[in-house]
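Notes for the structure review
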Amino acid sequence: MNDHARRAAGPTRTLWLLAAALCALGAADGAAAKETKLKSEVIAAENINPSRRGTPQPVKLHIFYLTAEDKFMQVNFADLVAPESPLLGDELVRRAEHLVGPGEQLALDEQFDEAAKFIGVIAEFTEIEQAAWRAVAAVPARRWTDVLRLFKNSKLHILVDGTTVTCAIVED
């Protein structure tokens, strides 16, 4: 192959390699975990997150979708709220954040990934030392068809009351 032919073939070869890489990426996306919508409801009491003067304040909630609950229950508050913290490791499927104010009710439609077996919630209360800031709920389904059936008639219920956060999967 002469020098001119090699230079002309270079861009063509690059385009073929790029196309092959894009096809491989598309195939990998097709093999990704299954997801469905998870209806969620956040209910905040009027007295949430009282300041030192007793005035209610908004609370930032962090929702964690987990393959297991062990590390989530052991990691300290500061490490859990740090977005780039590696401490949950491969137990973390994904996370979301929401702000809720006193007396508010939020309806959320979260993506739920089939790899998640637990849903953990933490609340950023002002007086974290005296707060019950962590809660976890097990997803009571093992097969994907059971998960789809469960979430068709159920929702994640998160309650913030004073300085306590709780969560549970309840019938809709």
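What you see is a predicted model, and the numbers here were worked out from it, not measured in a lab.

A look at the sheet that holds strand β1 (residues 35-44)
- Taken together, four strands build an open sheet; the order of strands is β4-β1-β7-β8 and the sheet is mixed. Single-partner strands in this sheet number two, and they are β4 (105-113) and β8 (164-171). Recorded for the sheet is a direction-independent mean angle of 25° between the axes of neighbouring strands.
- Sheet topology places β1 next to strand β7 (residues 154-161); five bridges connect them, and they run parallel. Each residue of the ladder has a partner; that of Glu41, found in β7, is His157.

Describing the sheet that holds strand β3 (residues 92-100)
- Taking strand neighbours across the sheet as the criterion, the four strands line up as β3-β2-β5-β6 in an open arrangement whose pairing is antiparallel. The outermost strands of the open sheet, each flanked by one partner alone, are β3 and β6 (134-138). Strand-to-strand twist in this sheet, taken as the mean axis angle between neighbours without regard to direction, amounts to 20°.
- Bridge count between strand β5 (residues 118-123) and β6: five bridges; the pairing is antiparallel. Counterpart to Gly120 in the pairing with β6 is Val136.

Brief notes about the pairing of β5
- Of all six residues making up β5, six are buried, and the element is well covered by its neighbours.
- Judged by which residues are buried, β5 turns out to be covered on both faces: Phe118, Gly120 and Ile122 on one side and Ile119, Val121 and Ala123 on the other are all buried.
- As paired elements, strand β2 (residues 59-66) and β5 share six bridges and run antiparallel to each other. Pairing of Phe64 across the sheet is with Gly120, part of β5.

So, the nonpolar core
- Grouped together as the largest cluster of nonpolar side chains are 41 residues, with contacts concentrated most on Leu61, Ile119 and Ile158.
- Where this core is concerned, the elements lending two or more residues are β1, β2, α3 (77-81), β4, β5, β6, β7 and β8.
- The biggest single contributor to this core is β2, with six residues.
- Setting aside anything within four residues of it in sequence, one finds Ile119 in contact with Leu38, Ile63, Phe64, Tyr65, Phe112, Ala135, Val136, Ala137, Val139, Leu156, Cys167 and Ile169.

Rules and cut-offs
Residues numbered from 1 in each chain as written. Predicted model: local features only at pLDDT ≥ 70, side-chain atom pairs only at ≥ 80, totals over all residues. Heavy atoms only, no water. Pairing = 2+ DSSP bridges. Helix = DSSP H or I, 4+ residues; strand = E, 2+ residues; numbered from the N terminus. Axes fitted to C-alpha atoms, helices over the stretch in contact; angles between N-to-C directions. Buried < 20%, exposed > 50% of the residue type's maximum accessible area, 1.4 Å probe, protein only. Core = buried A, V, L, I, M, F, W, Y, C linked by side-chain atoms within 4.5 Å. Contact = heavy atoms within 4.5 Å.

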